[in-house]
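Structural characterization, general
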Amino acid sequence: MTPSFDPDAFFARSMLTVTIAELDDDQRWSTWPETAHTMDRGPQPFPDWVVQHDGAIDTELGILKTGKEADAFLLERALPEELLTGAAGEETLLVAKRFRSPEHSSFHRSHEYTEGRRGKDSREARAMAKGTAFGKQVAAAQWARTEFDVLGRLWSAGLPVPYPVQIVGTEVCMEFIGTDDEQGAVAAPRLQETSPDPEQVERWARALREVVLGLSELGLVHGDLSPYNILIDSRQADPSPVIIDVPQVIDLIANPHGPQFLRRDCENVCAWLRGHGAPASAADPAEWFTASMGGWEAP
Ligand SMILES: Nc1ncnc2c1ncn2[C@@H]1O[C@H](COP(=O)(O)OP(=O)(O)OP(=O)(O)O)[C@@H](O)[C@H]1O
Ligand SMILES: [Mg+2]
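Rules used in this analysis
Residues numbered from 1 in each chain as written. Chains lettered and ligands numbered in written order. Predicted model: local features only at pLDDT ≥ 70, side-chain atom pairs only at ≥ 80, totals over all residues. Helix = DSSP H or I, 4+ residues; strand = E, 2+ residues; numbered from the N terminus. Contact = placed C-beta atoms within 7 Å. Near = placed C-beta within 6 Å. Nonpolar A, V, L, I, M, F, W, Y, C, P; charged D, E, K, R; others polar. Domains from an automatic or database assignment. Axes fitted to C-alpha atoms, helices over the stretch in contact; angles between N-to-C directions. Parallel < 35°, antiparallel > 145°, perpendicular 65-115°, else oblique. Left-handed = near helix turned anticlockwise from the far one by under 90°. Pairing = 2+ DSSP bridges. Buried ≥ 20, exposed ≤ 12 C-beta atoms within 10 Å, placed from the backbone.

What follows concerns the overall build of the chain. In terms of regular secondary structure, the chain is built from 7 helices and 12 strands. Across the chain, the fraction of contacts at a sequence separation of at least 24, relative to all contacts at a separation of at least 6, is 68%.

With that out of the way, let us pick up the site of ligand 1. Around ligand 1 sit 23 residues, and of these G67, K68, A72, I177 and D245 come closest. Among the secondary structure elements, those contributing two or more residues to the shell around ligand 1 are β2 (57-66), β3 (70-78), β4 (91-99) and β6 (171-175). Taken together, the residues of the shell around ligand 1 sort by class into 13 nonpolar, 3 polar and 7 charged. Three or more residues apiece are contributed to the shell around ligand 1 by two domains, here domain 1 (28-181) and domain 2 (188-293).

In contact at an axis separation of 11 Å, helix α5 (residues 198-217) and helix α6 (residues 258-275) are set at 170 degrees when each is read in the N-to-C sense. In terms of orientation, α5 lies roughly antiparallel with respect to α6. For the pair formed by α5 and α6, the contact residues are V201, W204, A205, L208, V212 and S216 on the first element and L262, D265, C266, V269 and L273 on the second. For the contact of α5 with α6, the residue count by class is 9 nonpolar, 1 polar and 1 charged.

Helix α7 (residues 285-293) packs onto α6 with a crossing angle of 140 degrees between their chain directions and a minimal axis gap of 8 Å. By the angle between their axes, α6 is oblique relative to α7. With respect to the hand of their crossing, α6 and α7 are arranged in right-handed fashion. Taken together, the residues of α7 that come into contact with α6 (itself represented by P259, L262, R263, C266, E267 and C270) are P285, W288, F289, S292 and M293. In terms of residue class, the contact of α6 with α7 is built from 8 nonpolar, 1 polar and 2 charged.

Next up on the list: the sheet that holds β2. Across the sheet, 6 strands lie side by side as β1-β2-β3-β4-β6-β5; this open sheet has antiparallel pairing. Strand pairing shows two members of the sheet lacking a second neighbour, β1 (27-29) and β5 (164-168), which therefore form its edges. Sheet twist, expressed as the mean angle between neighbouring strand axes with direction ignored, is 30 degrees. Where β1 lies against β2, 3 bridges are found, and the strand directions are antiparallel. Its bridge partner being in β2, Q27 is matched across the sheet by T59. Helix α4 (residues 133-156) contacts β4, β5 and β6 of the sheet and is inclined by roughly 160 degrees relative to β5.

In this section: the pairing of β6. Residues in a regular strand project their side chains so that they alternate between the two faces of the sheet. Burial analysis of β6 places 4 of its 5 residues in the buried class, the great majority of the element. Relative to β6, β4 is paired through 5 bridges, and the arrangement is antiparallel. Opposite A96, over in β6, you have C173 as the bridge partner. Pairing geometry for β5 and β6, over 4 bridges, is antiparallel. Along β6, the bridge assignment pairs Q166 with C173.

This next bit is on the environment of A283. Of note, A283 is situated in the loop between α6 and α7. Separated by 17 residues in sequence, A283 and C266 have C-alpha atoms that sit 8.5 Å apart. Those residues within four positions of A283 in sequence are excluded, and the remaining contacts are A205, C270, L273, R274 and A278.

As structure tokens, this is what we get:
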């Protein structure tokens, strides 16, 4: 076998030696190589925009939002400028959602959400129950893991969610939903912040009904679906809803509260849609609920 020249590895290594002293405080080496285990990377085939080069650098561009359980940061993952050729997979924007240990969060709800979920490692379960530092770290990592796995499942089922790129510990990196042009990066607005015209709100109502039904076909309920956890993606000509914030996803059937959470999700979303001009026929929470439960035995 003749050894072959691998230009990627060559450039990555030479960049390592050239740039190592030049990383700024808001930069790190791309953590993609830390995720060699396929469980820690998003569904395959990877979209072509995913940056897989070892020599790429992550630059923190700012915080998008501090939330109840996690903070969302905007990251650029890119090869150093001098190596950019304009090909796909050399530079991209990502959202890094970093879960905090649950002492500062509303995780007291978590018991209700996770009932019916498969049992966890018992040492970890005991540590969480005791609220030890290790337990808190484990809990944050588990919420990150659930967010990552659920995003992957929904993405693979064709539902509109950000593509989950990778997970490292308590940090999930996902596709940035938003635009990036001369004015810079602008995150997609939450549904809550939009003022759609009647035609548009009816289209969104139909799309969101499909999402709720699609989740229920997978046996899942979002559990926190509201106009704050729906982004309006305007990257295509016809802006459409994208669902985010899924770590509390509930098992529709195994969780005894599943149907109750489903009803609440339907009511929250339909109330907003109707309040913004959607016809009652397109945003009828009872109809969404019944259609979602349709494939399952009555509880
Ligand atoms: N993939 C993404 N693309 C663009 N913006 C995003 C993305 N993910 C999250 N955001 C922004 O960050 C905010 C917080 O994200 P998310 O809802 O997942 O976190 P959270 O900690 O659960 O927040 P909250 O407690 O407010 O519900 C979102 O409302 C949205 O504005
Ligand atoms: Mg949220």
